[in-house]
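Structure at a glance
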Amino acid sequence: MAVNEKAWKDRCVPRIPLQASINYFTPEIMAKGLVIDVSREGLRIESQDPVHIGMRLALVLYLSNDQEPVMIEDATVQWAIERHFGVKFVKWSTNAEARLDNFFWTGIQEKCQSLLHLMTEVAKASPLNDSIDTQAPTLEDDLRGLIGRTLEECRWVIGGVS
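Residues numbered from 1 in each chain as written. Predicted model: local features only at pLDDT ≥ 70, side-chain atom pairs only at ≥ 80, totals over all residues. Heavy atoms only, no water.

Some words on the pairing of strand β5 (residues 70-81)
- Pairing of strand β4 (residues 56-62) with β5 involves five bridges; the strand directions are antiparallel. Bridge pairing in β5 places Leu59 opposite Ile72.
- Two elements, β5 and strand β6 (residues 84-91), share seven bridges in a ladder whose sense is antiparallel. Paired with Thr76 across the bridge in β6 is Lys88. (Pairing = 2+ DSSP bridges. Helix = DSSP H or I, 4+ residues; strand = E, 2+ residues; numbered from the N terminus.)

Structure (structure tokens):
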């Protein structure tokens, strides 16, 4: 699916790729789909069952097999193209919000920790790290500081607190 460049630039909330099962309901239908990506405000879903813009849905999102599903009481379809559609959360419980916040923070933290490990290994292998002045900050220290600031920015993006 081609990404609408203007819509992408206008997006206020970043989306995180995700592969998760979802059920969605209206008084008339019960359907299944696959979540493609998620943000703090909504989801992109792929499904064989058609929806239309403005349709109100209740959602049951399965983030992992070992947890209870996340229930979103009310979401509105914002766009629909072929088998894909986007929903915006309208009403959800405090528990659902807390679980999604935790999901975002954990996912971002894991990715940043992997990046930190990789960057640390690169810094260790760098000839710049062989400085004579032991009091001077090393490239590794600089990279750790950069990653730390990035983590704080990630926390701000997902709505967490520092």
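Anyway, onward from the coordinates.
Some points on the pattern of salt bridges
- Under the counting rule described, the total for this entry stands at three salt bridges.
- Among the ionic pairs, Arg83 bridges to Glu46, the shortest N-O distance being 2.4 Å. Pair noted here: Arg83 is in the loop between β5 and β6 and Glu46 is in strand β3 (residues 42-46), with a separation of 37 residues, a long-range link.
- According to the relative accessible area criterion, Arg83 is partly exposed, its value standing at 38%.
- Note that Asp74 and Arg56 form a salt bridge whose closest N and O atoms lie 2.3 Å from each other. Residue Asp74 is found in strand β5, and its partner Arg56 is found in strand β4; the two are separated by 18 residues along the sequence.
- Using a relative accessible area of 16% as the deciding quantity, one classes Asp74 as buried.
- With relative accessibility at 46%, the residue Arg56 sits in the partly exposed group. (Salt bridge = Lys/Arg side-chain N within 4 Å of Asp/Glu carboxyl O. Buried < 20%, exposed > 50% of the residue type's maximum accessible area, 1.4 Å probe, protein only.)

Notes on the confidence of the model for the protein chain
- In the predicted model, the protein chain carries a mean pLDDT of 76, and 63% of its residues have values of at least 70.
- Within the model, pLDDT remains below 50 along residues 1-5, and this stretch shows five contacts once partners closer than five positions in the same chain are excluded.
- Here residues 156-162 scores under 50 on pLDDT; set against residues more than four positions off or in separate chains, the count is twelve contacts. (pLDDT = per-residue confidence, 0-100. Contact = heavy atoms within 4.5 Å.)

Some remarks on the nonpolar core
- If you look at the biggest cluster of nonpolar residues, it comprises 26 residues, and the most contacted ones within it are Leu43, Leu59, Leu61 and Val87.
- Broken down by secondary-structure element, the contributors of at least two residues to this core are β1 (16-25), β2 (30-38), β3, β4, β5, β6 and α2 (94-125).
- Looking at which element gives the most residues to this core, the answer is β1, with five residues.
- Not counting residues within four places of it along the chain, the set of residues in contact with Val87 comprises Arg15, Glu41, Gly42, Leu43, Ile45, Leu57, Leu59, Ala75, Thr76, Val77 and Gln78. (Core = buried A, V, L, I, M, F, W, Y, C linked by side-chain atoms within 4.5 Å.)

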